[in-house]
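The primary structure of each chain is shown beneath.
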Amino acid sequence: MKVITVDGPSGAGKGTVCARLAATLGWHLLDSGALYRITGLAAERQAVELTDEQRVAQVAANLDVTFEPGKDGVAVILAGEEVTTTIRTEEVGSLASQVAALPAVRDALLQRQRDFAQAPGLIADGRDMGTVVFPDAGVKVFLTASAEERAQRRFRQLTEKGISASLPALIEDIRARDERDSNRSVAPLKPAHDAVVIDSTSLSIDEVCDQLMARVQQAGLI
Ligand code: DC
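Below is a short write-up of the structure. In this text the structure is predicted, and so the values were computed from the model without any measurement.

Judged by pairing direction, the sheet is antiparallel, and its three strands sit side by side in the order β3-β4-β5 without closing on themselves. Because the sheet does not close on itself, it has two edges, and the strands there are β3 (65-70) and β5 (81-82). In this structure, β3 lies alongside strand β4 (residues 73-78), joined through six bridges in antiparallel fashion. Following the sheet pairing, Val-65 is matched in β4 by Leu-78. Seen against the sheet, helix α2 (residues 32-45) touches β3, β4 and β5 and runs at an angle of roughly 25° to β4.

Within the secondary structure, Glu-149 sits in helix α7 (residues 147-160). Within the structure, the side chain of Glu-149 is placed 2.9 Å from the side chain of Arg-153, a separation counted as a polar contact. Setting aside residues no more than four positions away along its own chain, Glu-149 makes contact with Arg-156 and Thr-201.

What follows deals with the sheet that holds strand β8 (residues 196-199). Pairing within the open sheet is parallel, and its five strands lie in the order β2-β6-β1-β7-β8. Of all strands in the sheet, those with a lone pairing partner are β2 (28-31) and β8, marking the two edges. Ignoring which end each strand starts from, the neighbouring axes of this sheet average 20° apart. Relative to strand β6 (residues 122-126), β2 runs parallel, the two being bridged by four bridges. Its bridge partner being in β6, Asp-31 is matched across the sheet by Asp-125. This element, helix α1 (residues 14-25), spans β1 (3-7), β2, β6 and β7 (139-144) of the sheet and lies at about 175° to β6.

Attention now moves to the state of the cysteines. Scanning all chains against the criterion turns up zero disulfides. Of all cysteine sulfurs, the one in Cys-209 lies closest to Cys-18, which takes part in no disulfide; the gap is 8.8 Å.

Criteria and thresholds
- Residues numbered from 1 in each chain as written.
- Predicted model: local features only at pLDDT ≥ 70, side-chain atom pairs only at ≥ 80, totals over all residues.
- Heavy atoms only, no water.
- Pairing = 2+ DSSP bridges.
- Helix = DSSP H or I, 4+ residues; strand = E, 2+ residues; numbered from the N terminus.
- Contact = heavy atoms within 4.5 Å.
- Axes fitted to C-alpha atoms, helices over the stretch in contact; angles between N-to-C directions.
- Polar contact = N/O pair within 3.5 Å; in protein donor to acceptor, adjacent residues only side chain to side chain.
- Disulfide = S-S within 2.5 Å.

Written as structure tokens, this is what we have:
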């Protein structure tokens, strides 16, 4: 099966780039972060302690979730309720990062992620797509950007939505999250040995997509 993995820290532009690539190629898209977000939300709703690894893993293994094409992209339905915007909140992001640190949860979500690899191909967006979930992917990309640039992007997103934010606090927050994600013992955030690293700090989305498409062509995937 043809698989392209795009890993990297949050704010590097993975989501936008992967959605665009999937639309251009007509391939499937796996937003693996959404699965961790949904698991965090489902655990909270079922009043499961996030420190109770086995019970959170059971929640992950039994997620009643569907992804349905909607007018603004993919709609996420959890136990019959649309949670598309709820899972994008900072609060759910924090639940996600806690459940993502539990090895049993990662194991429970492994096969579900691999099941997304279907014809004609898959773009997989995450942190460990190239290292753990799809080690045989035809093209692996590690997309990154400086902490300052990622904080600026987040700052712009928040202020555009009318939410007040502090840039220094965002930079601090992103640095702390990078540190945690890169140093955790299970599936730490790092480029696969055979990944190409793209630094998007001073690149536009179009430029990143062009570089990626060139790689995909070079690898003979299209
Ligand atoms: O990309 P995101 O912000 O939606 O990810 C939510 C959380 O899940 C974040 O803390 C990183 C974690 N995650 C992970 O550990 N492995 C993945 N493949 C995807 C996300």
